[in-house]
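Listed here are the chains, written in short residue letters.
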Amino acid sequence: MATYPPLAERPIKNTIVLFDVDGTLTPARLSVSPEMLNLLSRLREKVAIGFVGGSDLVKQQEQLGTPETNVTSLFDFCFSENGLTAYKLGEPLPSNSFIKWIGEDQYKELVRFILHYIADLEIPIKRGTFVEFRNGMINVSPIGRNASTQERLDYEKYDKEHGIRREFVERLRERFGHLGLTFSIGGQISFDVFPTGWDKTYCLKHLENEAKKPDGIEYSTIHFFGDKTMVGGNDYEIYEDPRTIGHSVTGPGDTIAELKALFDL
Ligand SMILES: [Mg+2]
């Protein structure tokens, strides 16, 4: 296995390069190319590198690792679920979750309100799984996540006409906005509820904590590469964050070209 200089001895000190995964290091939903892995390996000789992805580590292992290679060995920092699950040099850093953050009591109050609201909602059909509990968020669907493809299409049209999700989210904001929750309508049938700030900028907390450790490194230059950097895209917040130097790319080929130029690889 390749070895790299210790983080404190990388030639370009205090610099880390962070990458979105899907559409930046890999083609959408596909695996990383040998060319990209080779380039990342050469980059790692010079600076610290990390990925920050919205999916969980299992998905990133699929896209970036192989059965023989653990993805946590390929990067100095691995930030899964935007950093709620994090690794440094293969070792886990403190994790976080929606339930840890909100607490059981407040969660029960939230889910009670949601289920009552859905129970009383007058819409053409309802199916099942109205609240999906995930590590970093909950996903709420008035029709239910078990809806078929056709039912989803019909619902999406109905929702556009009647503003079901929009009004639902407004009510939730009135009732729970003080908790610091973000409500994000996306896709056809649902919306996400998560703590405000739990976008990709969440991973920067880990880097700030690194700087505070004895012999910790302060990353004063943080490059970020992402493909969804426009407003509403999942790279937007970290791309625009004043703590990072943002690079907007059109795909892995573009990432490679920009890295070569930037770091003389
Ligand atoms: Mg992406």
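Residues numbered from 1 in each chain as written. Predicted model: local features only at pLDDT ≥ 70, side-chain atom pairs only at ≥ 80, totals over all residues. Heavy atoms only, no water.

- Within an unreviewed UniProt entry, the label attached to the chain reads Phosphomannomutase, and the organism entered is Podospora australis.
- Here is the UniProt Catalytic activity (unreviewed entry) comment for the chain, exactly as written: "alpha-D-mannose 1-phosphate = D-mannose 6-phosphate".
- Recorded under Subcellular location (unreviewed entry), the UniProt text for the chain is reproduced unchanged: "Cytoplasm". (UniProt positions renumbered as here; feature names shortened; annotations may be inferred.)

### Let's talk about the coordination of the magnesium ion
At step 1: Listed as protein donors to the magnesium ion are D20 (OD), D22 (O) and D227 (OD); their distances from the metal cover 2.1 to 2.2 Å.
At step 2: Between the donor residues of the magnesium ion, the gaps in sequence give the motif D-x1-D-x204-D. On the criterion of sequence distance, the pair formed by D20 in the loop between β1 (15–19) and α1 (34–44) and D227 in the loop between β10 (221–226) and α8 (236–240) is long-range, its members being 207 residues apart.
At step 3: A relative accessible area of 4% places D20 in the buried class. (Donors = N, O, S within 2.8 Å, 3.2 Å for Na, K, Ca; no water. Helix = DSSP H or I, 4+ residues; strand = E, 2+ residues; numbered from the N terminus. Buried < 20%, exposed > 50% of the residue type's maximum accessible area, 1.4 Å probe, protein only.)

### Some details on the sheet that holds strand β8 (residues 181–186)
At step 1: Sheet architecture is open: four strands sit in the order β6-β7-β9-β8, paired in antiparallel fashion. Pairing within the sheet leaves two strands with one partner each, and these edge strands are β6 (131–133) and β8. The sheet shows a mean angle of 20° between the axes of neighbouring strands, taken without regard to direction.
At step 2: Looking at chain direction, strand β7 (residues 138–140) and strand β9 (residues 190–195) are connected through three bridges and run antiparallel. Bridged to N139 within β9 is D192.
At step 3: On top of the sheet, helix α6 (residues 164–176) reaches β7, β8 and β9; it is set at about 175° to β8, its chief contact. (Pairing = 2+ DSSP bridges. Axes fitted to C-alpha atoms, helices over the stretch in contact; angles between N-to-C directions. Contact = heavy atoms within 4.5 Å.)

### Some words on the state of the cysteines
At step 1: Here the structure, examined in full by the defined rule, presents zero disulfides.
At step 2: Left unpaired, C78 is separated from the closest cysteine sulfur, that of C203, by 11 Å.
At step 3: On the basis of relative accessibility, which here comes to 0%, the residue C203 falls in the buried class. (Disulfide = S-S within 2.5 Å.)

### A closer look at the packing of α1 against helix α9 (residues 252–263)
At step 1: One way to put it is that α1 packs onto α9 with a least axis distance of 11 Å and a crossing angle of 25°. Taken together, the axes of α1 and α9 are roughly parallel relative to one another. The way α1 lies across α9 gives a crossing that is left-handed. Residues E35, M36, L39 and L43 of α1 form the contact with α9, whose participating residues are P252, T255, I256, L259, K260 and F263. (Parallel < 35°, antiparallel > 145°, perpendicular 65-115°, else oblique. Left-handed = near helix turned anticlockwise from the far one by under 90°.)

### Some thoughts on the sheet that holds β1
At step 1: Strand order in the open sheet formed by seven strands is β5-β4-β3-β2-β1-β10-β11, and the pairing between neighbours is mixed. Sheet topology places β5 (91–93) and β11 (245–248) at the edges, where each strand pairs with a single neighbour. When the angles between neighbouring strand axes are averaged without regard to direction, this sheet yields 20°.
At step 2: With three bridges joining them, strand β4 (residues 85–88) and β5 adopt antiparallel strand pairing. Counterpart to Y87 in the pairing with β5 is P92.
At step 3: Together, β1, β10 and β11 form the strand contacts of α9, whose direction differs from that of β10 by roughly 155°.

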